[in-house]
Protein chains: 2
Amino acid sequence: MSKTKDSKTEHIILEAAKRVFQNKGMDGARMQEIADEANINKAMLHYYYRSKQQLFEAVFNTAFALLAPQLNAILNDDSSVEVKIRNFTKNYISFISRHPYLPTFIIQELNRNPNFVLKMKDKKGFPNIEKFKKQIALEIQQGTLKPVKGEQLFINIMALNIFPFVASPLIKAFVNIDDKAFKQLVEDRKTEVADFIINSIKA
Amino acid sequence: MSKTKDSKTEHIILEAAKRVFQNKGMDGARMQEIADEANINKAMLHYYYRSKQQLFEAVFNTAFALLAPQLNAILNDDSSVEVKIRNFTKNYISFISRHPYLPTFIIQELNRNPNFVLKMKDKKGFPNIEKFKKQIALEIQQGTLKPVKGEQLFINIMALNIFPFVASPLIKAFVNIDDKAFKQLVEDRKTEVADFIINSIKA
DNA sequence: ATATTTATTAACCAATTGGTTAAACTAAAT
DNA sequence: ATTTAGTTTAACCAATTGGTTAATAAATAT
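Quick caveat, the model's predicted, so the values are computed rather than measured.

Novice: Explain the overall build of chain A to me, and be specific about the residues and the numbers.
Specialist: In terms of helices and strands, chain A carries eleven helices and zero strands. Shown N-terminal to C-terminal, the secondary structure of chain A runs as helices and strands in the order α-α-α-α-α-α-α-α-α-α-α. Over its C-alpha atoms, taken along the principal directions, chain A stretches across nearly 65 × 45 × 25 Å. For chain A, contacts bridging at least 24 residues in sequence account for 70% of all contacts bridging at least 6. Accessible surface, chain A: about 9900 Å² in total, of which carbon and sulfur atoms supply 51%. Between the averaged position of the 30 positive side-chain charges in chain A and that of its 22 negative side-chain charges there is a distance of 3 Å.

Following this line, the structure appears as structure tokens:
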């Protein structure tokens, strides 16, 4: 941490901005709405964050900083692939249930501005897949896993865990269930998804 | 088809609107930009579609109408689960490669306005999961499939097929590959994903 | 040919939006 | 006590945006 300042107002603004950007996106969000949400004069937003763009980036960065360690858990942890997948699935679904807006927000904004992710890649703590790939190759060689490419397995794990949250309105409609049933279904996935993956790749 | 009209201009506008809405979304799109894209006066947009909202809905409906039959393929086709999954995966990935904007657009806009999907549910042709659930239950009983809930399997199939397209900027960054390598990776998934699923559920 | 309906355009408009400014208020430093 | 620096506000501003209008051009019907 470089800034010891972090005035109370600054923090209140960031929290309000988080809530508004989260479900309106950059384009849909209005500075006035953020100000109202923070019970504060609109000029304060510019006083602390200069522009909408900079306020947005502050929100995006904190959101991403929250998500990245979750992914690093599965990429860099030292336990066996099976244990990692079981832990990750349970933890990740539990994590997202507490921040359901997160993946949608990040994915949506990265699609809007794909070169935005490049700035992130340099920062330390940015998820890197290399160690995971080596581990997969090793376990295949040891005979505990069927042959599978690390990249593809990683994508599958991400897809199975994240997709239901990103596409929740679609899923609710197709499967024809209400919010409560959806919540239960997601809860079930904490073990369901891990079993599904392990079943597929275990030798 | 009710309208034999469909003037040429009307069609040009819809195509232009598709392109703009597709990568800017409802909030980010500008009527003037759509007009420019169509090489036409902005007033024409209102002449044919009255409002931005109605033009958007026209675009959304055509997009959804394109996607729905793809999903019905796996839900209502009569072949075995294994065959269906193999066919669907290959066809769907090939389909989306031709319309890479589609799933992101639909998911993004449904998240922006979740009750929008309710209007869709009434229309015939809206994907329904019931038949698929019965088929899964039957094959489990016959001993060709391991026990698995139809809803969860359906979600897994959707997730594995759709997610890479929705989260492509994120995946490219994590797996550290460029557009070309990503394209190859997606191409590989035409068989990869089917194998992954079948491996997991086959008794 | 002429009237009438349909298509198209340029100019305009009111509302919204991100951002600024100058003045006022507050708290800390002298 | 008073200067000083930081904080907050109301009012304002220029640009943008979705949408309208009135006039014109093109096609269709009579």
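Novice: For the protein's contact with DNA strand C, give the residues involved together with the corresponding values.
Specialist: Among the 16 residues in the neighbourhood of DNA strand C, the closest are listed as Arg30(A), Lys42(A), Lys52(A), Met44(B) and Tyr47(B). When the atoms of DNA strand C within 4 Å of the protein are sorted by group, sugar and phosphate make up 62%. The separation between a phosphate oxygen of DNA strand C and a polar main-chain atom of Lys52(A) is 2.6 Å. The separation between a phosphate oxygen of DNA strand C and a polar side-chain atom of Tyr48(B) is 3.1 Å. Counting residues per element, the ones that place at least two in the surface near DNA strand C are helix H3 (42-49) of chain A together with helix H3 (42-49) of chain B.

Novice: Mind laying out the protein's contact with DNA strand D, listing which residues take part and the relevant values?
Specialist: Around DNA strand D sit 16 residues in total, of which Asn41(A), Met44(A), Arg30(B), Lys42(B) and Lys52(B) are the nearest. Protein-adjacent atoms of DNA strand D, using a 4 Å cutoff, are sugar or phosphate at a proportion of 60%. Backbone polar atom of Ala29(B) to a phosphate oxygen of DNA strand D: 3.4 Å apart, as the coordinates give it. Measuring from a phosphate oxygen of DNA strand D, one finds a side-chain N or O atom of His46(B) at 3.2 Å. Of all the secondary structure elements, the ones that give two or more residues to the surface near DNA strand D are H3 of chain A together with H3 of chain B. No other element matches H3(A), which puts four residues into the surface near DNA strand D. The residue inventory of the surface near DNA strand D, partitioned by class, reads eight nonpolar, four polar and four charged.

Novice: A description of the relation of the copies chain B and chain A should follow, citing residues and the corresponding values.
Specialist: You can overlay chain B on chain A at an RMSD of 0.0 Å; the transform is a turn of 180° with a shift of 0.0 Å along its axis. Read as a symmetry element, the transformation amounts to a two-fold axis. Rotation axis and chain B: the residue whose C-alpha lies nearest the axis is Ser200(B), separated from it by 2.0 Å. Interface overlap between copies is the fraction of interface residues in one copy that are interface residues in the other; for chain B against chain A it reaches 100%, indicating a shared surface.

Novice: Account for the environment of Asn115(A), naming residues and giving values.
Specialist: All names here are of chain A. With respect to the helices, strands and loops of the structure, Asn115 is situated in the loop between helix H6 (102-112) and helix H7 (116-122). Judged by its relative accessible area of 46%, Asn115 is partly exposed. As for Asn115 and Val193, which are separated by 78 residues in sequence, their C-alpha atoms are 31 Å apart.

Novice: So, the packing of helix H9 (residues 150-166) of chain B against helix H11 (residues 179-201) of chain B: which residues are in play, and what are the values?
Specialist: Residues and elements named next belong to chain B. For the pair H9 and H11, interaxial distance at closest approach is 10 Å and the crossing angle is 170°. Comparing their axes, H11 and H9 come out roughly antiparallel. Seen from H9, the contacting residues are Leu153, Ile157, Leu160, Asn161, Pro164 and Phe165; seen from H11, they are Phe182, Val186, Arg189, Val193, Phe196, Ile197 and Ile201.

Novice: Run through the environment of Ile171(B), naming residues and quoting values.
Specialist: Along the polypeptide, Ile171(B) turns up in helix H10 (residues 168-175). Distance in space between the C-alpha atoms of Ile171(B) and Phe182(B) is 8.6 Å, their sequence separation being eleven residues. For Ile171(B), the contacting residues outside a window of four places in its chain are Ile155(A), Met158(A), Phe163(B), Pro164(B), Asn176(B) and Phe182(B).

Conventions adopted
- Residues numbered from 1 in each chain as written.
- Chains lettered and ligands numbered in written order.
- Predicted model: local features only at pLDDT ≥ 70, side-chain atom pairs only at ≥ 80, totals over all residues.
- Heavy atoms only, no water.
- Helix = DSSP H or I, 4+ residues; strand = E, 2+ residues; numbered from the N terminus.
- Contact = heavy atoms within 4.5 Å.
- Areas by Shrake-Rupley, 256 points an atom, 1.4 Å probe, with all protein chains shown as cover.
- Lys, Arg positive; Asp, Glu negative; His and termini not counted.
- Charge placed at Lys NZ, Arg CZ, Asp CG, Glu CD.
- Near = heavy atom within 4 Å.
- Polar contact = N/O pair within 3.5 Å; in protein donor to acceptor, adjacent residues only side chain to side chain.
- Nonpolar A, V, L, I, M, F, W, Y, C, P; charged D, E, K, R; others polar.
- Least-squares fit on C-alpha atoms with pLDDT ≥ 70 in both.
- Buried < 20%, exposed > 50% of the residue type's maximum accessible area, 1.4 Å probe, protein only.
- Axes fitted to C-alpha atoms, helices over the stretch in contact; angles between N-to-C directions.
- Parallel < 35°, antiparallel > 145°, perpendicular 65-115°, else oblique.

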